[in-house]
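The chain contents come next:
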Amino acid sequence: NELPSLSSVLSDPPSPQDNPYLIGVGRADCTGPPAEIPLMGYANPEQTAAGIHTRLYSRAFIIDDGRRRVVFVTADVGMISQRLRLEVLRALQVKYGDLYRQENLVLSGTHTHCGPAGYFQYTLFMVTSKGFMKASIKPLVNGIVKSIDIAHRNVKPGRIYRSRGALEHSSLNRSPHSYLNNPKEERDRYQWNTDKQVLVLKFTDLDGDGIGMLSWFAVHAVSMNYTNRMVSSDNMGYASYLMEQEKNRGQLPGQGGFVAGFSSSNLGDVSPNTRGPRCMNTGLPCDYLNSSCPIGGTKMCKAFGPGDDMFDSTRIIGHSVYRKAKVSTCKPALGHSFAAGTTDGGGDLNFTQGDPPEKVEVKYVCVCVCSQMNWPLPWHPQIVDVQIITIGSVAVVAVPGEMTTMSGRRLREAVKQELESEGAFKDTEVVLAGLSNIYTHYITTYEEYQVQRYEGASTIYGPHTLSAYLQKYRGLARAIAQDKVSELPLGPPPPFFEKNLFNLLPAPSVDRAPENSSFGDVLQQVYPIYRQVRQRPSGLMSELCLRFHWLKGSNQQSNATIEWHIPSRPPGVSTGSNTWGTTSSGWAGRPSSRPTRGCPSLQGHRQLLLTVRSQ
Ligand SMILES: [Zn+2]
């Protein structure tokens with residue numbers, strides 16, 4: 001091996017084929033402003049941020065086999081936009097030159113629907129999220145780059161293990177009617193109409209101590225529904241939180257060396273709301289095929305569960321995914337370390353200008369319309385990144401949108417076939433990283449497209465979108481298998497718009513304290529019935545128990561409310577269970593008026609209204 005640091009390590013016992021990787025992990029906050037910014041996901045203009053449920057993090061994983069280096073980032077954000085990726089690449093270029101670049105960096109979003117909007121440069125997204133906002137994109141860029149910085153700094157020799165398990169009762173196909181339109185013989189090959197596998201990569205140092213883990217599970221991060229106005233990392237963020245709290249004992253949320261990433265996958269038609277869609281007026285199940293109600297139609301139909309409310313559901317789904325990732329049994333290793341190979345289609349999936357890919361008849365249904373809409377900027381991306389990285393025998397396929405269950409299965413199969421065709425790959429595990437690099441909405445199969453439910457109607461490049469992608473990814477996989485990655489053309493660079501970006505959001509007005517009062521005054525103290533029983537030295541409390549509401553008020557005055565939700569029983573894994581003792585009537589506690597460490601800082605900004613509510 002070329003790397004001196006590795007050869008010194010290798011003089012120790014490990015057998016020659018047991019070459020360790022160089023591995024670095026890092027996590028950084030990317031929360032951004034928790035008020036007055038539209039949230040990205042439900043396309044509901046009323047849903048602007050007004051507080052924090054959980055902070056948002058970017059988690060970076062650098063893997064280097066001595067020949068090549070790849071970086072995988074999973075961030076608590078709705079999706080990665082082309083603009084966000086371009087800005088991150090620019091920042092990395094300044095710091096690291098060509099070390100981290102378009103070909104070896106994958107950015108993937110967890111698909112939380114309660115992160116900031118406003119980091120897109122295409123008109124359609126600027127219209128639906130009230131514009132392009134520096135206040136949104138800057139913390140995201142900074143957080144992602146910082147997580148890579150941290151991972152870069154702590155790169156060390158280590159090993160990678162892979163495992164997979166099946167997680168039932170945590171996901172549901174939300175468009176079964178579309179799924180049923182896929183060929184019967186194809187459907188018969190699968191037990192479920194969603195993918196149940198949780199794939200886990202475990203990273204250890206050479207002593208076998210865990211330094212991080214990365215997993216993928218296909219489910220929408222929408223346990224928090226459209227009525228929520230607090231910034232939240234949703235179910236996937238909660239799974240990360242649980243794993244990291246367990247591994248980083250005694251540390252505050254978001255701190256500690258162990259980094260646990262829970263990434264999105266082919267979740268296009270997969271809901272976490274396992275009680276299924278019900279009519280809000282009657283409580284009865286909605287019409288199965290059309291998701292509509294006798295009175296109120298589709299608007300009245302909403303998916304619920306598994307918890308009593310969205311907070312409960314977030315905890316339950318997050319906990320299930322975390323537990324499955326934890327107990328999945330590990331395969332010893334990734335065979336011998338052979339290639340952290342990487343490749344990239346570099347944006348040559350050009351649907352509107354180039355010739356259609358050979359052998360695939362591509363109909364430009366939406367694109368014909370959208371491509372004519374270029375004012376003030378193009379409404380949709382016309383250059384799309386497709387990318388595959390391999391880490392040993394695991395191939396991570398970066399998907400620029402939301403693939404449905406069956407689309408994902410077809411893609412995984414195609415990539416596996418190509419990789420193994422040359423004999424260089426065996427026992428390959430192909431995993432899809434969803435919402436990666438650029439957002440192009442949904443990708444259904446041709447058959448699902450015909451049904452034109454939400455996912456089909458949102459497959460913006462038309463019914464043959466999947467065929468075009470399959471062809472592109474096959475080409476990439478073949479190049480990796482034949483070790484011809486360096487011969488791949490980079491394709492045209494995506495545009496970076498400097499002009500005509502617009503922001504419809506009025507600048508926030510400056511807050512003022514009323515006369516004879518000052519920022520930070522307590523307006524309403526907690527009920528005296530709550531008393532502090534015992535406090536740990538660190539004085540920390542489970543992040544999930546604390547809710548921070550920040551409501552922009554009138555007369556240039558805003559109030560913040562801090563709610564402390566005291567669990568009726570200790571959560572499965574909780575740093576909070578020891579913080580506050582029990583009384584005969586249940587959990588009791590009284591927060592101090594100082595912001596808790598690890599929770600949002602309020603100093604000098606707003607007035608404090610403290611309340612504590614017991615569940
Ligand atoms: Zn989605």
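Per-chain numbering applies: the sequence of each chain, read as written, is numbered from 1 onward. Restriction of local features to residues with pLDDT of at least 70 applies here, the model being predicted, together with a cutoff of 80 or more for giving and counting side-chain atom pairs; totals for whole chains, interfaces and linings are based on all residues.

## Comments concerning the overall build of the protein chain
The secondary structure content of the protein chain amounts to 13 helices and 27 strands. With C-beta atoms placed from the backbone, a residue counts as buried when 20 or more other C-beta atoms lie within 10 Å of its own, as exposed when 12 or fewer do, and as partly exposed for counts between those limits. By residue count, 50% of the 615 residues in the protein chain fall in the buried class. For the purpose of contact definition, each residue receives a C-beta atom placed from its backbone, and two residues are in contact when these atoms lie within 7 Å. Once local pairs closer than 6 in sequence are excluded, the contacts in the protein chain between residues at least 24 apart make up 79%. Secondary structure counts use DSSP, requiring at least four H or I residues in a row for a helix and at least two E residues in a row for a strand, with both numbered from the N terminus.

## Some thoughts on the confidence of the model for the protein chain
pLDDT: the predictor's confidence for each residue, scored from 0 to 100. Across the protein chain, the average pLDDT comes to 80, with 79% of residues at 70 or higher. In this model, residues 569–615 is a region of pLDDT below 50 whose contacts with residues beyond four sequence positions or in other chains number 125 contacts.

## Some thoughts on the pairing of strand β19 (residues 394–398)
With respect to burial, β19 is a largely interior element, 4 of its 5 residues being buried. With antiparallel pairing between neighbouring strands as the criterion, strand β18 (residues 387–391) and β19 make up a hairpin whose turn holds 2 residues, including G392 at a positive phi of roughly 60°. Should DSSP find at least two bridges between two strands, the strands are regarded as paired. The pairing of β19 with strand β21 (residues 429–433) spans 5 bridges and is parallel. Bridged to A398 within β21 is A433.

## Focus: the packing of helix α2 (residues 82–96) against helix α4 (residues 134–153)
Packed helices, taken two at a time, are described by their axes: the angle between them and the distance between them. Note on geometry: axes are lines fitted to C-alpha atoms, helical ones only across the stretch in contact, with angles between N-to-C directions running from 0 to 180 degrees. Closest axis-to-axis distance for the α2/α4 pair is 10 Å, and the angle between their directions is 50°. Comparing the axis directions of α2 and α4 gives the class oblique. At the point where α2 passes α4, the crossing takes the right-handed sense. In contact with R83, L84, E87, V88, A91 and L92 of α2, α4 contributes I137, L140, V141, I144, V145 and I148. In the scheme used here, Gly and all other residues not listed as nonpolar or charged are polar, with Ala, Val, Leu, Ile, Met, Phe, Trp, Tyr, Cys and Pro taken as nonpolar and Asp, Glu, Lys and Arg as charged. Taken together, the residues that form the contact of α2 with α4 break down as 10 nonpolar, no polar and 2 charged. What sets the label is the angle itself: under 35 degrees gives roughly parallel, over 145 gives roughly antiparallel, 65 to 115 gives roughly perpendicular, and the rest give oblique. Each helix crossing is assigned a hand: it is left-handed if the near helix lies turned anticlockwise from the far helix by less than a right angle, otherwise right-handed if that turn is clockwise.

## Topic: the packing of helix α7 (residues 234–247) against helix α8 (residues 310–327)
The geometry of α7 relative to α8 is characterised by a closest axis approach of 7 Å and an angle of 50° between their N-to-C directions. If you check the angle between α7 and α8, you find them oblique. Helix-helix and strand crossings are classified by hand; for α7 and α8 the assignment is right-handed. Contact residues: D234, N235, M236, Y238, A239, L242 and M243 in α7; T314, R315, I317, G318, H319, V321, Y322, A325 and K326 in α8. Split by residue class, the contact of α7 with α8 holds 9 nonpolar, 4 polar and 3 charged.

## Some remarks on α7
In a regular helix each residue adds 1.5 Å, so 14 residues correspond to 20 Å; α7 covers 20 Å between its end C-alpha atoms and thus fits that length. Buried residues dominate α7, accounting for 12 of its 14 residues. Looking at α7, one finds that the buried residues are D234, N235, M236, G237, Y238, A239, S240, Y241, L242, M243, E244 and Q245. On its buried face, α7 is in contact with β11 (210–216), β12 (259–263) and α8. Expected helix span is computed as 1.5 Å times (number of residues minus one).

## Digging into the pairing of strand β10 (residues 197–205)
Bridging between strand β8 (residues 156–166) and β10 involves 9 bridges; their strand directions are antiparallel. Across the sheet, S163 pairs through a bridge with V200, a residue of β10. Where β10 and β11 come together, 6 bridges link them in antiparallel fashion. Pairing of F203 across the sheet is with G212, part of β11. Hairpin connection, β10 to β11: the antiparallel pair is bridged by 4 residues, and G208 has positive phi, about 90°.

## Some words on α2
Between its first and last C-alpha, α2 extends 20 Å over 15 residues, near the 21 Å set by a 1.5 Å rise per residue. Taken as a whole, α2 has its buried residues at Q82, R83, L84, R85, L86, E87, V88 and L92. Close packing links the buried residues of α2 with β6 (105–109) and α4. Where α2 ends, the next residue or the one after it, G97, has phi of about 65°, a positive value.

## Things to note about the nonpolar core
The tendency in soluble globular proteins is for nonpolar side chains to be buried as a group. Counting residues in each nonpolar core, the largest one holds 131 residues, and the members touching the most others are V71, V106, I144, I388, V396 and V397. Domain boundaries shown here were taken from an automatic or database domain assignment. Viewed by domain, this core spans two of them, domain 1 (18–487) and domain 2 (543–614), each represented by three or more residues. Excluding residues within four positions of it along the chain, I144 makes contact with C30, S58, V73, A75, V88 and L107. Put simply, a nonpolar core is a cluster of buried Ala, Val, Leu, Ile, Met, Phe, Trp, Tyr and Cys residues tied together by C-beta atoms within 7 Å.

## Side note on unusual backbone geometry
The step from G305 to P306 runs through a cis peptide bond, and the omega angle for that step is 0°. Tracing the backbone shows P306 in the loop between β15 (301–304) and α8. Look at the link from W375 to P376: it is a cis peptide, with omega at -5°. Unusually for a residue other than glycine, N500 sits at a positive phi of about 70°. By secondary structure assignment, the location of N500 is in the loop between α13 (465–481) and β23 (546–551).

## Quick look at the environment of A457
As for its placement among the helices and strands, A457 is situated in helix α12 (residues 454–457). Once the C-alpha coordinates of A457 and I443 are considered, the two residues, 14 residues apart in sequence, prove to be 9.8 Å apart.

## Observations concerning the environment of I480
Position of I480 relative to the elements: it lies in helix α13. Residue classification places I480 among the buried positions, given that 24 C-beta atoms sit within 10 Å.

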